[in-house]
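Coordinate inspection notes
In case you want the letters, here they are:
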Amino acid sequence: MTGQPRQGAEDRDFLAELHAQIGGRLAQQGHRYTSGRQELVETLVLTGQPMTLPDIVEAHPKLAQSSAYRNLDILVRCGVIRRINAGGDHAYFELAEPLLGHHHHLICISCGSIEDIHFDSEIERLVDESLNEISARTGFTPTTHSLDLHGHCADC
């Protein structure tokens with residue numbers, strides 16, 4: 001789904017199911033799934049890529065930056081949206097893994113672009129095994145992992 005804008009009847013069904021799932025998650029944590037929060041989620045889904053707060057407000061001008069920031073904070077704390085720190089002036093936001101699917105990122109330290117990458121199942125299995133071995137040696141109990149590779153994109 002990432003990197004591909006969504007459209008069409010199938011995607012309306014996807015959005016309806018996604019909104020129901022997010023609404024339930026927020027309700028469990030004592031929050032309402034307001035229209036402003038729904039618009040934030042839809043903006044991220046429809047663009048299909050991580051976005052900064054200024055990008056979100058530009059893509060959806062009816063969203064006030066201050067309320068968008070407060071809503072993003074709540075959605076991050078509830079595990080609906082993930083904040084990606086790319087090292088620039090702004091953090092990026094995307095749907096969290098339980099909603100978007102497991103993936104990693106290539107982050108350009110020059111221009112700030114972020115590209116989603118997916119490992120094949122064998123590589124993901126090897127990464128999981130290696131991280132679990134490292135964790136076991138230190139008594140750490142991992143719940144998930146994410147790999148963000150920082151470097152320079154082909155354009156930079």
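Described below are features of the structure shown in this document. (Residues numbered from 1 in each chain as written. Predicted model: local features only at pLDDT ≥ 70, side-chain atom pairs only at ≥ 80, totals over all residues. Heavy atoms only, no water.)

In this section: the sheet that holds strand S5 (residues 114-117). By definition, the strands of a sheet pair up through backbone hydrogen bonds, in either a parallel or an antiparallel sense. The strand order S5-S4-S6 describes an open sheet built from 3 strands, whose pairing is mixed. Every other strand in the sheet has two partners, leaving S5 and strand S6 (148-151) as the edge strands with one partner each. Sheet twist, expressed as the mean angle between neighbouring strand axes with direction ignored, is 20°. Strand direction decides the pairing type here: strand S4 (residues 104-108) and S6, joined by 4 bridges, are parallel. Note that in S6 the partner of Cys108 across the bridge is Gly151. (Pairing = 2+ DSSP bridges. Helix = DSSP H or I, 4+ residues; strand = E, 2+ residues; numbered from the N terminus. Axes fitted to C-alpha atoms, helices over the stretch in contact; angles between N-to-C directions.)

Attention shifts here to the pairing of strand S3 (residues 92-95). Note that strand S1 (residues 51-52) and S3 share 2 bridges and pair antiparallel. The residue bridging Thr52 from the neighbouring strand is Tyr92, located in S3. As paired strands, strand S2 (residues 81-84) and S3 are joined by 4 bridges and run antiparallel to one another. Along S3, the bridge assignment pairs Ile81 with Leu95.

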